[in-house]
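Okay, here's what each chain looks like letter by letter:
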Amino acid sequence: QQQVKQSPQSLIVQKGGISIINCAYENTAFDYFPWYQQFPGKGPALLIAIRPDVSEKKEGRFTISFNKSAKQFSLHIMDSQPGDSATYFCAARPRTDYKLSFGAGTTVTVRA
Amino acid sequence: DGGITQSPKYLFRKEGQNVTLSCEQNLNHDAMYWYRQDPGQGLRLIYYSQIVNDFQKGDIAEGYSVSREKKESFPLTVTSAQKNPTAFYLCASRTGGAEKLFFGSGTQLSVL
């Protein structure tokens, strides 16, 4: 049973558009929420992360929005570029454990 | 260059055979992890080790075994008891106290 539910499974966006990926969780003990980016045939790499004491974090074109009361968080990719085409995973871990639980992943395709 | 090396990149297993996937890191990280990736299911934790000579089962440990005799090495054996071993296997490491996971490039295991 997946502890972090991620949607959509895939999305296609035009170059310059906005990609939005959503994740939801139930475990209120989660206190660290990273996003990982994975290119085909490679291992995932940390993209951006947030803790529940802030509602938003931005790094370049990537923004995490966090809604603690709704137990949801999302990744926004602004001005999407073909090089952003990859699979994105949200994840979460509880404050007492370093075990990350991953979402099912979203494959993003950016069309030129 | 510091990083995580997984070998082989591709591996084939015959019926009833045990196979071992190699994971070596030169990052001097204390913690190491094995994840299994299946299409549409995200990454699922098989085993993890916080320190040499100690390891814990993850969410899907049945049919797998590990050892951690050296800090830099964390091999995973897929035993014949694992009836559905075809997947992409990812090794990761983390330095103590830090959140970021560093992943290797993975091993694709297939059944002949």
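Below is a summary of the structure that appears in this document. For clarity, every value in this text was computed on a predicted model and none was experimentally measured.

## Details of the interface of chain B and chain A
Buried accessible area, meaning the area lost when the parts come together, often serves as the stated size of an interface.
At step 1: The interface of chain B with chain A comprises 23 residues on the first partner and 20 residues on the second.
At step 2: In this assembly, chain B packs against chain A so that about 1,700 Å² is buried in total across both faces, 52% of it on carbon and sulfur atoms.
At step 3: Along the contact surface separating chain B from chain A lie two salt bridges.
At step 4: Linking chain B with chain A are six residue pairs in polar contact (both at pLDDT 80 or more).
At step 5: Secondary-structure elements contributing two or more residues to the side of chain B that touches chain A are strand E4 (31-38), strand E5 (42-51) and strand E9 (87-94) of chain B.
At step 6: It is E5 of chain B that contributes the most residues to the side of chain B that touches chain A, five residues altogether.
At step 7: In terms of residue class, the side of chain B that touches chain A is built from 10 nonpolar, eight polar and five charged.

## Overview of unusual backbone geometry
At step 1: That bond from Ser-7 of chain A to Pro-8 of chain A is cis: its omega, -5°, falls within 30 degrees of zero.
At step 2: By the secondary structure assignment, Pro-8 of chain A is in the loop between strand E1 (4-7) and strand E2 (10-14).
At step 3: A positive phi is found at Lys-71 of chain A, a non-glycine position, where the angle reads about 55°.
At step 4: As for its position among the elements, Lys-71 of chain A is in the loop between strand E7 (62-67) and strand E8 (72-77).
At step 5: At Asn-28 of chain B, a residue that is not glycine, the phi angle is positive and equals roughly 60°.
At step 6: Relative to the assigned elements, Asn-28 of chain B resides in the loop between strand E3 (19-25) and E4.

How each quantity is defined
Residues numbered from 1 in each chain as written. Chains lettered and ligands numbered in written order. Predicted model: local features only at pLDDT ≥ 70, side-chain atom pairs only at ≥ 80, totals over all residues. Heavy atoms only, no water. Contact = heavy atoms within 4.5 Å. Buried area = accessible area lost by both parts, 1.4 Å probe. Salt bridge = Lys/Arg side-chain N within 4 Å of Asp/Glu carboxyl O. Polar contact = N/O pair within 3.5 Å; in protein donor to acceptor, adjacent residues only side chain to side chain. Helix = DSSP H or I, 4+ residues; strand = E, 2+ residues; numbered from the N terminus. Nonpolar A, V, L, I, M, F, W, Y, C, P; charged D, E, K, R; others polar.

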